[in-house]
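Tertiary structure, described
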Amino acid sequence: MSGTDVIGIIGGGGWLGRALGRAMLRQTFVDPRALVVSSRSGHCSGYEEWPQVRMFRDNRALAAQADVVVLSVRPEDFDAIDIQAPGKLVISLMAGVPANLISQRTKSRRVVRAMPNAAAEIGRSYTPWFSLVEASAKERTFVQSMFETCGQADEVPQESDIDYMTGLTGSGPALPALVSQAMINHAIARGLAPSVARRAVKSVVAGASQLLAADDVDIPSVIDTFLAYDGTTAAALAAMQRSGLEPAIHAGLEAAEARAMSMSAERNG
Ligand SMILES: NC(=O)c1ccc[n+]([C@@H]2O[C@H](COP(=O)([O-])OP(=O)(O)OC[C@H]3O[C@@H](n4cnc5c(N)ncnc54)[C@H](O)[C@@H]3O)[C@@H](O)[C@H]2O)c1
């Protein structure tokens, strides 16, 4: 791997492909002349600041140009992707598509599965990644650095970790959004103006996320601090636990994992 490798993103105009492409360009991880992207139409919006980025409709032509191929189409669209990439690094962002199948179809053993989330758009994704075959030190650095352009990243030892984390972290803002909506619904039911309820909850979630993101803040100690304070927040935390918040969250994470695993199993036939 080298800084001059050409990176090709199949589905580079989509939600995640574009977020990754733009993050790599912004952070100068890739030169715009070394980025190729494809879409069904052959035009991807979002790259206007970098006119040297080349755009393709033909994925075979993209794969022929690229040293590294990123697959960022929806899982159900993978069957229509007919590319050969022997010896090339193939990085899939797809949920529920097993690495072995990607390897068979692309004719490359150098397959990485990664699972970013929607916060890639603002450089705040968390991206676990798994390599089908033992990655070389250079490859490891390349993949890790690629995903660090849009947030934090960790290599994980087993492919099943990716299926699990598809729900845990791949869902991005969706799970906190559901909790936030429950708070908004309650506030509106209590008579707050909807605009005030939405502003109040968005503000508390945004503030909390910044507080919790600090390196020296440990989540259990935040909870313990409020429990020890023994005031209104402690009453809320205890009532939520008694009402089954934790089992509800666990059920959600298990459902996402089960869905990812069944998608993989269906594809493996
Ligand atoms: N969006 C997320 O938060 C998220 C998080 C983790 C993983 N993923 C995975 O990332 C992948 C992409 O998801 P997304 O949300 O960006 O979807 P998306 O629908 O926004 O983007 C997919 C893009 O692929 C394009 N496409 C489809 N067939 C194509 C083809 N034959 N050639 C070229 N382009 C083609 C579509 O037109 C679209 O622009 C999915 O496999 C998904 O499982 C998404």
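Our subject is the structure that appears above.
Fair warning: this is a prediction, and the values are worked out from it, not measured in the lab.

As a further point, take the nonpolar core. One finds Ile 7, Leu 35, Leu 71, Ile 91, Met 146 and Phe 147 to be the most contacted residues of the largest nonpolar core, which totals 52 residues. Residues within four places of Ile 91 in sequence aside, it is in contact with Val 68, Val 69, Val 70, Leu 71, Val 112, Ala 114, Val 143, Met 146 and Phe 147. Membership of the second largest hydrophobic core comes to 6 residues, among which are Met 115, Tyr 126, Val 156 and Ile 162.

The subject of this paragraph is the side chain of Ser 108. Here Ser 108 shows up in the loop between α3 (99-106) and β6 (111-114). Residue Ser 108 is classed as buried on the basis of its relative accessible area, which comes to 1%. One polar contact links the side chain of Ser 108 to the main-chain carbonyl oxygen of Lys 88, over a distance of 2.6 Å. Excluding anything up to four places from it in sequence, Ser 108 contacts Ala 85, Pro 86, Gly 87, Lys 88, Val 90 and Ser 103.

Between side chains of opposite charge, a pair can form as their charged atoms come close. Under the definition given, this model contains 11 salt bridges. With a shortest N-O distance of 2.9 Å, Asp 31 and Arg 33 are connected by a salt bridge. By relative accessible area, Asp 31 is classed as partly exposed at 31%. With a relative accessible area of 55%, Arg 33 lands in the exposed category. Between Arg 113 and Glu 159 there is a salt bridge, and its shortest N-O distance comes to 2.8 Å. Of this pair, Arg 113 sits in strand β6 while Glu 159 sits in helix α5 (residues 159-168), placing them 46 residues apart in sequence.

About the cut-offs
- Residues numbered from 1 in each chain as written.
- Predicted model: local features only at pLDDT ≥ 70, side-chain atom pairs only at ≥ 80, totals over all residues.
- Heavy atoms only, no water.
- Core = buried A, V, L, I, M, F, W, Y, C linked by side-chain atoms within 4.5 Å.
- Buried < 20%, exposed > 50% of the residue type's maximum accessible area, 1.4 Å probe, protein only.
- Contact = heavy atoms within 4.5 Å.
- Helix = DSSP H or I, 4+ residues; strand = E, 2+ residues; numbered from the N terminus.
- Polar contact = N/O pair within 3.5 Å; in protein donor to acceptor, adjacent residues only side chain to side chain.
- Salt bridge = Lys/Arg side-chain N within 4 Å of Asp/Glu carboxyl O.

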